Amino acid sequence: MSMPKLTAAERDAALASLPGWTWNADRDALTKQWKFADFNAAWGFMSRVALIAERQNHHPEWSNVWNRVEILLTTHDAGGLSARDVRFAEAVEKLLI
């Protein structure tokens with residue numbers, strides 16, 4: 001069963017609760033970039049995010065260049081941003097508390 005896309009109001013409420021995340025209008029997606037001390041720290045973060053992805057069975061589009069990691073979240077089955085993406089972003093944020 002496909003998850004419905006968020007409404008504009010739901011998207012805006014989610015963004016208000018996710019510091020540093022932005023909306024990519026072209027992809028109807030959440031995106032955020034982090035900068036770490038070095039490659040090792042960035043890779044460690046990605047490893048922890050990968051565990052979240054497996055638990056949630058929801059896998060991000062992401063990239064890593066040395067100490068930077070960028071994540072883009074969208075639900076392909078929904079054709080854009082869904083509650084799954086918001087839950088994923090919230091879980092990622094808890095890694096850095």
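Residues numbered from 1 in each chain as written. Predicted model: local features only at pLDDT ≥ 70, side-chain atom pairs only at ≥ 80, totals over all residues. Heavy atoms only, no water.

Chemist: In this structure, what is going on with the overall build of the protein? I would like to understand it.
Modeler: Of the regular secondary structure elements, the protein holds 3 helices and 4 strands. Going from the N terminus to the C terminus, the protein shows its helices and strands as α-β-β-α-β-β-α. Against the globule reference of 13 Å for 97 residues, the protein gives a C-alpha radius of gyration of 13 Å, in line with a compact fold. Each of the 97 residues in the protein was classed as buried or not, and the buried ones make up 39%. Excluding contacts between residues fewer than 6 apart, the proportion of contacts in the protein whose partners are at least 24 apart in sequence is 66%. (Helix = DSSP H or I, 4+ residues; strand = E, 2+ residues; numbered from the N terminus. Rg over C-alpha atoms; globule rule 2.2 N^0.38 Å. Buried < 20%, exposed > 50% of the residue type's maximum accessible area, 1.4 Å probe, protein only. Contact = heavy atoms within 4.5 Å.)

Chemist: Honestly, the pattern of salt bridges in this entry has me stumped. Any pointers?
Modeler: This structure, assessed with the given rule, holds 4 salt bridges. A salt bridge links Arg27 to Glu61; the nearest nitrogen and oxygen atoms lie 2.5 Å apart. One end of the pair, Arg27, is in the loop between strand E1 (22–24) and strand E2 (29–35); the other, Glu61, is in strand E3 (residues 61–65), with 34 residues separating them in the sequence. Since its relative accessible area comes to 31%, Glu61 is described here as partly exposed. (Salt bridge = Lys/Arg side-chain N within 4 Å of Asp/Glu carboxyl O.)

Chemist: In this structure, what is going on with the packing of aromatic side chains? I would like to understand it.
Modeler: The relative placement of two aromatic rings is captured by the distance of their centres and the angle of their planes. Here the structure, examined in full by the defined rule, presents 4 aromatic pairs. Ring centres of Trp34 and Phe45 lie 4.9 Å apart, and the angle between their planes is 50°; on these two criteria the pair is classed as tilted. A residue pair is termed long-range when its members are at least 10 positions apart, and Trp34 in strand E2 and Phe45 in helix H2 (residues 39–56) qualify at 11 residues. Each member of the aromatic cluster is reached from another via a ring pair, and the members are Trp21, Trp34, Phe36 and Phe45. (Phe/Tyr/Trp six-rings, centres within 6.5 Å; stacked < 30°, edge-to-face > 60°.)

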